[in-house]
Amino acid sequence: MIINSLYSRRDIFLRELVSNASDALDKIRYLSLTGQADLGDNQELRIQIKADPDAKLLHIIDSGVGMTKQELITNLGTIAKSGTSEFINKLSETKDVNLIGQFGVGFYSAFLVADRVTVTSKSNDDVQWVWSSEADGNFSLTEDPNGNTLGRGTQVTLHLRDDAPEFLQQDTLSSLIDTHSAFINYPIFLWSSTEIETPVPQSDDQEEQKDEEELKIEDAEEEEEDQEEEEEEEEEKTVKETVWEWKLLNDVKPLWVRDPKEITDDEYKAFFKSTFDETDDPLSWTHFSAEGDLEFRSILYIPSHLDTSIFDSKNTQVARGLKLFVKRVFITDDFDLLIPKYLAFIKGIVDAQNLPLNVSREILQQSKILKSIEKKLVRKILSMIQSLAQDDKEKYDEFYEEFRVNLKLGMLDDAANRERISKLLRFYSTTSSGELRSFEDYVSSMKEGQDKIYFIAGESKQVVASSPLLEKLNDKGYEVLYFVDPIDEYWVGHLPTFDGKRLVNVAKEGDLGIESEEEKEKSEEDLKQLEDLNKFFKKVLANKISRSTVSKRLTTTPSALVSATYGYTANMERIIKSQALNAGTPQSYIAPRKVLEINPDHPIIKELSRRVQADEEDPIARDIAEIVYDTAALNSGFSLDDLPAFASRIHRMVSLGLNIPLADDSDSQPQQEEQQEEQQEEQKQEEEDHSSHSHSEL
């Protein structure tokens, strides 16, 4: 009952028994070094695992310190009595021994897969004893009738249950050792079989018969050639033989315990590939240790490629590339406590000297130690990325292409390191000539007197580069950064400034601060002259825009559409509409929050202003106003809600250009106006009902 309540996975038994064997080896090694024990003839310290499928037995053998009769009674006959813990207490004044066991229940995990467990043990201080139990509260202890067969050490024999045959298979045992105990300090051997091909030797009778046949066909050349071919075939015959031998399982040494100065780059790369099943070299790595109250060693790698499954929302438990060890024993790689999700692409080893685990060592317990380790790891990772950016631009560009979304996710999730992460971000811009630029690069090349960082977000670099919203900024030589990832619209709200410079989205209304005094005066005059036209646009497009104004960012385009200060940009609107879960979201959340900007110097705007001043009810002027809006929306990245109406207006404009008489639609005009007014009232009502929700969504 106790064992099944402590452990959630029964295959964990092998890790526990191997850890116990490692502790026994540590003890005899320490005692021999301090002159308290003699290794004798059994000088080799090792762990052996041997399966007997026919008898359904599994043996775990070590050449460790062994146990006396009294120690068998005390350590195995009493639940939660830890011989290792007692040994550590005796050595409280020294740190020469690195022992694993603490709770004294790891041995009993054997009953997860076994009906009965037999322990044969030989200590230097006693004869060889055999302990046996079926986990029914009783055990037997007798002197081994076979005498001293071990020399020194312990053999744990599991009489496996009928439902645990997989633990007798070589592949299963090898996989479990590779997962949990690959970095144990002592060699682990598995009794393994391999098949080899051996040639079949020919008997003397066969050789004599062969000689006679050769004499008979001595004069027949063709028959002689055939016979030689047959002889060659007979000579090539082989048979498969099964050979049993001890196979070393943990041949990869724990690289992180060595001095970084003594490790070559090739060794780091080889360790990365073998430990994490990678084929490509890592982009970078860092090797460090923490000492004091918090003691752990770590090697962290940046892989060359991103595993996109870390963003899969279906994975509630994402397996990180980070492996947690406690005293070289693997604990888990399935947790969120030591590394945030945005850094889940990092691969590496963290080997702690002491962590708050539960008794089964399967579950990490919350503590200040874990928070301290996480803080240390995140800083080391960000420092490693920063060093890569400074030392190798080409390699960093390769890294950024793969992992930029992770960094931007960190801008959302990691407020404590947001400033450090922002320095790692890179963007294309209007003046970068295809090179990635950082915020620091942007600030260092700002124009004199400039106090804003301009950016525009869109679907791709090509789309934003052709936006009319950049016309005046480009003419005046201001650099504008391109934000082309969907996540950019989200994290930028968490970074209002960088190095004291405010980030400004050129796709939103507001003064860009790029006008001279003369241009400001002209804008005020244009606004007065086009006051009637702006009112006309507001009247005709009442259900589409919040207002119309004179643009301070256009030079060659007649009009553009920008978002209100707290409204959705064209790019954000596109992202929201593309989301599957957005089906049914009221369009009033985003529809009325647009501002139409018109270019006062463009001939179309001038002609339209003249027509409106002459006759506000001019149907051609109304059509032109609609087309000015539609083209502004498309040119600015917005989508059109009523494509048939847009097509109809284009057809009428084409007909006018070709002098084709228009169909009489005077009867339908009042009906269209009435429908437009009804739609306007409905959308106003929806906006009032959901205004607070709209702000929350933003």
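Residues numbered from 1 in each chain as written. Predicted model: local features only at pLDDT ≥ 70, side-chain atom pairs only at ≥ 80, totals over all residues. Heavy atoms only, no water.

1. Section: the overall build of the chain
Link 1 in the chain: The secondary structure content of the chain amounts to 22 helices and 21 strands.
Link 2 in the chain: Per-residue burial for the chain yields a buried fraction of 46% across its 698 residues.
Link 3 in the chain: When contacts within the chain are restricted to residue pairs at least 6 apart in sequence, long-range pairs at least 24 apart make up 72% of them.
Link 4 in the chain: Accessible area for the chain stands at about 36,800 Å²; split by element, carbon and sulfur atoms hold 45% of it. (Helix = DSSP H or I, 4+ residues; strand = E, 2+ residues; numbered from the N terminus. Buried < 20%, exposed > 50% of the residue type's maximum accessible area, 1.4 Å probe, protein only. Contact = heavy atoms within 4.5 Å. Areas by Shrake-Rupley, 256 points an atom, 1.4 Å probe, with all protein chains shown as cover.)

2. Overview of a negative patch on the surface
Link 1 in the chain: A grouping of E419, E440, D441 and D499 is seen on the molecular surface, where their side chains present a negatively charged patch.
Link 2 in the chain: With respect to the helices and strands, the residue E440 is situated in helix 12 (residues 439-444).
Link 3 in the chain: Taking relative accessible area as the criterion, E440 reaches 39% and is therefore assigned partly exposed. (Patch = residues over 30% accessible without salt bridge, like charges linked within 9 Å, V, L, I, M, F, W, Y side chains within 5 Å. Salt bridge = Lys/Arg side-chain N within 4 Å of Asp/Glu carboxyl O. Lys, Arg positive; Asp, Glu negative; His and termini not counted. Charge placed at Lys NZ, Arg CZ, Asp CG, Glu CD.)

3. Re the pattern of salt bridges
Link 1 in the chain: This model, assessed by the stated rule, comprises 35 salt bridges.
Link 2 in the chain: Close ionic contact of D485 with R404 constitutes a salt bridge, the shortest N to O distance being 2.7 Å. Of this pair, D485 sits in the loop between strand 16 (480-483) and helix 15 (488-491) while R404 sits in helix 10 (residues 393-413), placing them 81 residues apart in sequence.
Link 3 in the chain: For D485, a relative accessible area of 7% translates into the label buried.
Link 4 in the chain: The shortest N-O distance in the salt bridge between E626 and R649 comes to 3.9 Å. Residue E626 is located in helix 20 (residues 619-635), and its partner R649 is located in helix 21 (residues 643-657); the two are separated by 23 residues in the primary sequence. Residue E626 shares its accessibility class with R649, and that shared class is buried.

4. Observations concerning the confidence of the model for the chain
Low pLDDT means the predicted atomic positions in that stretch should not be read closely.
Link 1 in the chain: When the pLDDT values of the chain are averaged, the result is 82; 78% of them are 70 or greater.
Link 2 in the chain: In this model, residues 90-104 is a region of pLDDT below 50 whose contacts with residues beyond four sequence positions or in other chains number 41 contacts.
Link 3 in the chain: Ignoring residues within four places in sequence, the model shows residues 690-698, a span with pLDDT below 50, making nine contacts including any to other chains. (pLDDT = per-residue confidence, 0-100.)

5. Regarding the nonpolar core
Where a protein is soluble and globular, its nonpolar side chains tend to be buried together.
Link 1 in the chain: I302, F399, F439, Y454 and W491 are the most contacted members of the largest nonpolar core, which totals 78 residues.
Link 2 in the chain: It is helix 9 (residues 368-391) that contributes the most residues to this core, 10 residues altogether.
Link 3 in the chain: If near-sequence neighbours (up to four positions away) are discounted, F399 is found in contact with L283, I302, F345, I385, L388 and L407.
Link 4 in the chain: Counting residues in hydrophobic clusters, the runner-up holds 49 residues, among them I28, L45, A51 and Y108. (Core = buried A, V, L, I, M, F, W, Y, C linked by side-chain atoms within 4.5 Å.)

6. Regarding a nonpolar patch on the surface
Link 1 in the chain: Taken together, the side chains of I650, V654, L658 and I660 present a nonpolar region at the surface, about 340 Å² in accessible area.
Link 2 in the chain: Inspection of the secondary structure assignment puts L658 in the loop between helix 21 and helix 22 (668-697).

7. A few points about unusual backbone geometry
Link 1 in the chain: At D277, a position not held by glycine, the phi torsion is positive, near 55°.
Link 2 in the chain: Given a relative accessible area of 70%, D277 falls into the exposed group.
Link 3 in the chain: Even without glycine at this site, S433 takes up a positive phi of about 55°.
Link 4 in the chain: As for its position among the elements, S433 is in the loop between strand 14 (428-429) and helix 12.

8. Structural notes on the sheet that holds strand 17 (residues 497-498)
By way of backbone hydrogen bonds, the strands of a sheet pair with one another, either parallel or antiparallel.
Link 1 in the chain: Reading across the sheet, the five strands line up as 14-16-15-18-17 and stay open at both edges, with mixed pairing between neighbours. In this open sheet, the two strands that pair with only one neighbour each are strand 14 and strand 17.
Link 2 in the chain: Two elements, strand 17 and strand 18 (residues 501-505), share two bridges in a ladder whose sense is antiparallel. Across the sheet, residue T497 finds its bridge partner in strand 18, namely R502. (Pairing = 2+ DSSP bridges.)

9. Remarks on a positive patch on the surface
Link 1 in the chain: A cluster of like positive charges, contributed by K375, K376, R379, R420 and K423, occupies part of the molecular surface.
Link 2 in the chain: Looking at which element gives the most residues to the positive patch, the answer is helix 9, with three residues.
Link 3 in the chain: Tracing the chain through its elements places K376 in helix 9.
Link 4 in the chain: The class for K376 is partly exposed, based on a relative accessible area of 33%.

10. Examining the side chain of R46
Link 1 in the chain: Inspection of the secondary structure puts R46 in the loop between helix 2 (13-33) and strand 1 (47-52).
Link 2 in the chain: Assessed through its relative accessible area of 18%, R46 is described here as buried.
Link 3 in the chain: A polar contact of 2.9 Å, which involves the side chain of R46, links it to the side chain of E44.
Link 4 in the chain: For R46, the contacting residues outside a window of four places in its chain are L25, I61, D62, S63, P187, F189 and W246. (Polar contact = N/O pair within 3.5 Å; in protein donor to acceptor, adjacent residues only side chain to side chain.)

11. Some remarks on the environment of I28
Link 1 in the chain: When you line up the elements, I28 lands in helix 2.
Link 2 in the chain: Spatially, the C-alpha atoms of I28 and S123 are 10.0 Å apart, while their sequence positions differ by 95 residues.
Link 3 in the chain: Not counting residues up to four positions away in its chain, the partners in contact with I28 are A37, L39, L45, S63, G64, V65, N124 and R152.

12. Here we look at the packing of aromatic side chains
Link 1 in the chain: Overall, the coordinates contain 31 aromatic pairs when judged by the stated rule.
Link 2 in the chain: The interplanar angle of 40° and the centroid separation of 4.8 Å between the aromatic rings of F272 and Y301 together place this pair among those described as tilted. Taken together, the positions of F272 in helix 8 (residues 265-276) and Y301 in strand 10 (residues 296-302) put the pair 29 residues apart, joining distant regions of the chain. Here F272 matches Y301 in class, with each residue buried. (Phe/Tyr/Trp six-rings, centres within 6.5 Å; stacked < 30°, edge-to-face > 60°.)

13. Observations concerning the environment of K520
Link 1 in the chain: Positionally, K520 belongs in helix 16 (residues 517-529).
Link 2 in the chain: For the pair K520 and K552, spaced 32 residues apart in sequence, the C-alpha to C-alpha distance is 8.8 Å.

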